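A closer look at the structure
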Amino acid sequence: MKAMVDALFDGLSELVYVCDPATHELLYLNKAGRSVYGDRAVEKHEPCYRVLQGREAPCEFCTNQLLNTEEFFEWEATNPVTNRHYVLRDKLIDWDGVLARLEIAFDITERENEKMALALMVDASAMIVDCIRILEADDDLYLAFDEVLRRLGTFFIADRAYVFELEGARVANMREWCNDQAETHKDHFQDIPVSLIENWVETFAVGEAMVIDDIDSLRESGNAEECSMLLQRHVSSLVAVQLVDNGKLIGCIGVENPRLGGRLDVVVTPLLGLAHFVTARMKRDEAQRKVAELIWNDTLTGVRSRAAFHRDYDQGEFGRLGIVLADADGLALVNCEWGRAAGDGILQNIAKTMKSVFDRVYRIGDDEFCAVVEHVDYARFSELATQLTVQFADRDLPASVGTAWQENCHRTVAVLDMAGDRMRRAKRGRHRAVALGVDLASDAAVGSLLCQGGAQRAVEEGKFDIYLMPQSSSRTDRIVGAEALIRYIDEANGTVALPTSFVLALEDMGEISSVDFFALSRACATLVRWQREGRAVVPISVNFSRLTASDDGFVDRLADTVSGYALDPSLIEVELTESARERSDDLLRQVADGLRSRGFRVAIDDFGVDNANYALFVQLEFDVLKLDKTLVWGLGNDAHSLTVIKGLVGLCADLGIETVAEGIESVQQLDALRSVGCTRAQGFLIGRPMPIAQFEERFL
């Protein structure tokens, strides 16, 4: 029997065996089977399940009960001993008068592998398509990467999935996903020299994927340094494909320690397709970033753009909000005389200075910048604005500043307009100063004064003082009064700035009021001290700008200030100019009446400048008329001038108004004034403006 069976089956390449279905004893094994399981397997009378399956008990999938003598039963299985996949054909046969099990095993491992590889590729392709949809749909690149890496890592049953980015000669982990049991390697894979993965770069250069099935193979290939780096991070296997942009390697995407059954190489093609879309998405995001950079940022100065301001603040409620506007002064002139590069440099320095103080800075015009501050109180906002103007002055930057702040901001445009109005007033003031011959670039002290809030800060910092200019009686030559003249004192440079360099500018800026009331307070304090020290006390006249005089509550504020010193109001002579009538026909009369009703003496200053209006004598009552020096200069030589002044003095005498002649510089002028009955004289002949201490020493 055996000889016949050997002759029949030993010539087959398939495995053939016969066993007892009752006892599972292996009765026969053909030559192909003996080459796999050993020649003595039958001689030992061992059970089939031990020899063929490596088991110690009958197989639970045994088909004995399904067999008969008529036909073959066909099924498939993978043998754990040979690690091969077979199609099995089983049948009962007569073996020396006993029914026995005959099994013929046809090895279809390669066909099965191809089948599994195809299924794996189909599954991988479906997963890749899902990843591509995510890359295309999600607006946030990093969120898209996170989801793609999660799906990639889950599909490969990997510890980690990642995107590496190549920057110059260094590699960095751009994004990473980890399973629940694995620890992140993101921080470990930062700033890695490319030389450590030179093997990868060479593989990528020929368009192939980097597949490491076993780290030992890497060690055997001589890449000890790369192997050591991976082992330190518990990486035993990996798959990675290159990210290429216009032929240049920019990174890779891959998985570590994949446990996916089957051949990893079959999923390389889908992974390369995914890599293409990852690169495309990175390029798209970079292009969008550059477009956004152009839209939302100013390329010249590095601050945010006008469009960004509208995006951030056109709508919504912001609570506390402050805006600081800064406008470059004289930029067109700089561009014309020194070139646009010089003008660009000024703009860049203005932006840099603002960014050093504020977090949010926008360029909202060719030469205009806007800083926005949220959630701070007015005191802190004012402190920041002051810090900016000081830095502008310290760096000699020609810029006008305007600020506005609201406790509850519902419309930013209203705050912006308010800041814009103040900035334009500051610019007008600085232009006025330049027109008057002030070099703001070299005169940093006056430059810092002529910015929003500069006058009030100078008052608070003690940079203003008054000089006193004596007034004498034309009849007795005795000192009967003094005029307070404001001075800006720059102790750092040892200079004293005359009012001609800043008063008109501060008027244009709407900031003269704080200076006017400082002069009043200083005059009151001086008079009180004179009384306390027992000195002879003479009235002091104080000038008020027409803008200050037109403020609501001016008379009350002035009266309250003097009352605060417990001073007799008759010792304060309030000088107003006829030009105050330009703002309102009734203004000068209302102010004069209000002051005189509170006991103050009112003087009309600069009479004779431009068009002196005699209607003044009819429309309001006042106490003193100050004749401008332009009327006095001809006295002593010009009979015509003397006749005019004589008429004015006579008119004032009839109305009970004192007269003060300004600009007296010669004895002839003084004698002429005496001859026509002028009450008081003021000028360099009587005494120049001088510090209070010097006035006291000389006249009191």
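Each remark here, short or long, concerns the structure printed above.
Residues numbered from 1 in each chain as written. Predicted model: local features only at pLDDT ≥ 70, side-chain atom pairs only at ≥ 80, totals over all residues. Heavy atoms only, no water.

Quick notes on the overall build of the chain
A tally of helices and strands in the chain yields 26 helices and 26 strands. Computed over its C-alpha atoms, the radius of gyration of the chain comes to 50 Å, more than 25% above the 27 Å expected for a compact globule of 700 residues. Its C-alpha atoms put the chain at 170 × 45 × 45 Å along the principal axes. Out of the 700 residues belonging to the chain, those deemed buried represent 48%. Of all intrachain contacts in the chain linking residues separated by at least 6 positions in sequence, the fraction that spans at least 24 positions is 60%. (Helix = DSSP H or I, 4+ residues; strand = E, 2+ residues; numbered from the N terminus. Rg over C-alpha atoms; globule rule 2.2 N^0.38 Å. Buried < 20%, exposed > 50% of the residue type's maximum accessible area, 1.4 Å probe, protein only. Contact = heavy atoms within 4.5 Å.)

Some thoughts on the environment of C336
Note on placement: C336 falls in helix α11 (residues 331-338). Residue classification places C336 among the exposed residues on the basis of a relative accessible area of 65%. For the pair C336 and A525, spaced 189 residues apart in sequence, the C-alpha separation works out to 51 Å.

Things to note about the sheet that holds strand β8 (residues 192-193)
Spatially, the 6 strands line up as an open sheet ordered β8-β7-β6-β11-β10-β9, and their pairing is antiparallel. Edge strands, defined here as strands with exactly one partner in the open sheet, are β8 and β9 (210-212). Of the pairings in the sheet, the one linking strand β6 (residues 160-167) to strand β11 (residues 248-256) comprises 6 bridges and is antiparallel in character. Along β11, the bridge assignment pairs E165 with G251. (Pairing = 2+ DSSP bridges.)

As for the nonpolar core
The biggest cluster of nonpolar side chains holds 77 residues, and the ones touching the most others in it are L558, I572 and L595. With residues up to four places along the chain from it excluded, the contact list for L558 reads F517, L520, F544, V574, L595 and F600. Core analysis: the second largest hydrophobic core is formed by 34 residues, V148, L260, L271 and M282 among them. (Core = buried A, V, L, I, M, F, W, Y, C linked by side-chain atoms within 4.5 Å.)

Considering the side chain of E176
Examined against the element boundaries, E176 turns out to sit in strand β7 (residues 170-178). Among buried Asp, Glu, Lys and Arg side chains, E176 stands out as unpaired, with R160 the closest opposite charge at 4.9 Å. Only 3.2 Å separates the side chain of E176 from the side chain of N173, close enough to count as a polar contact. In this structure, E176 is in contact with L149, R160, A161, Y162, T184, H185 and K186, ignoring residues within four places of it in sequence. (Lys, Arg positive; Asp, Glu negative; His and termini not counted. Salt bridge = Lys/Arg side-chain N within 4 Å of Asp/Glu carboxyl O. Polar contact = N/O pair within 3.5 Å; in protein donor to acceptor, adjacent residues only side chain to side chain.)

Side note on empty space enclosed by the protein
In the structure shown here, the tally under the stated rule is 4 cavities of 30 Å³ or more. As a volume, the largest cavity reaches approximately 330 Å³. Around the largest cavity, the lining is made up of 24 residues, and of these Y17, L52, Q53, N79 and E103 lie nearest the centre. Mapped onto the lining of the largest cavity, the elements with two or more residues apiece are β1 (15-19), α3 (48-53), β3 (73-79), β4 (84-95) and β5 (98-107). (1 Å grid on protein atoms, 1.4 Å probe; cavity = no way out; pocket = protein on both sides within 12 Å on 5 of 7 lines; lining within 4 Å. Points joined across faces, edges and corners; volume = space filled by probe spheres on them.)

Let's talk about the pattern of salt bridges
Applying the stated criterion across every chain, the model contains 45 salt bridges. With a shortest N-O distance of 3.5 Å, R281 and D285 are connected by a salt bridge. One end of the pair is R281 and the other is D285, both in helix α9 (residues 268-296) and 4 residues apart, which spans about a single turn. Of the residues examined, R281 reaches a relative accessible area of 1% and is grouped as buried. With a shortest N-O distance of 3.0 Å, E483 and K626 are connected by a salt bridge. On the criterion of sequence distance, the pair formed by E483 in strand β18 (residues 479-490) and K626 in strand β23 (residues 624-627) is long-range, its members being 143 residues apart.

Description of the pairing of β18
By the criterion of burial, β18 is predominantly enclosed, with 10 of the 12 residues buried. Of the pairings in the sheet, the one linking strand β17 (residues 464-473) to β18 comprises 9 bridges and is antiparallel in character. Bridge pairing links M469 to E483 in β18. In this antiparallel pair of consecutive strands, β17 and β18, the connection spans 5 residues, and D477 shows a positive phi of 65 degrees. Bridge count between β18 and strand β20 (residues 540-543): 3 bridges; the pairing is parallel. Looking at the pairing, A484 lines up with V542 of β20.

Focus on the sheet that holds β4
The strands making up a sheet associate through backbone hydrogen bonding, with each pair oriented either parallel or antiparallel. Spatial strand order, β2-β1-β5-β4-β3: 5 strands in an open sheet with antiparallel pairing. Taken across any chain shown, the strands that pair with only one partner, and hence form the sheet edges, are β2 (26-29) and β3. Along the sheet, successive strands turn relative to each other by an average axial angle of 30 degrees, direction set aside. Bridging between β1 and β2 involves 3 bridges; their strand directions are antiparallel. The residue of β2 that forms the bridge with V18 is Y28. (Axes fitted to C-alpha atoms, helices over the stretch in contact; angles between N-to-C directions.)

Regarding the pairing of β20
Sheet topology places β20 next to strand β21 (residues 572-577); 4 bridges connect them, and they run parallel. Along β21, the bridge assignment pairs S541 with E573.

Some remarks on the packing of α11 against helix α12 (residues 340-357)
Contact pair α11 / α12: the axes reach a minimum separation of 6 Å and the direction vectors enclose 145 degrees. Listed contacts from α12 to L331, V334, N335 and W338 of α11 are R340, A342, G343, I346 and L347. For the contact of α11 with α12, the per-class residue count stands at 6 nonpolar, 2 polar and 1 charged. (Nonpolar A, V, L, I, M, F, W, Y, C, P; charged D, E, K, R; others polar.)

Structural notes on helix α25 (residues 667-676)
Residues Q669, L670, A672, L673 and V676 constitute the buried set of α25. Buried residues of α25, viewed axially, fall in a sector of 160 degrees; they line one side. Facing away from the buried surface of α25 by more than 90 degrees, the exposed residues are Q668 and S675. (Arc of directions from axis to C-beta.)

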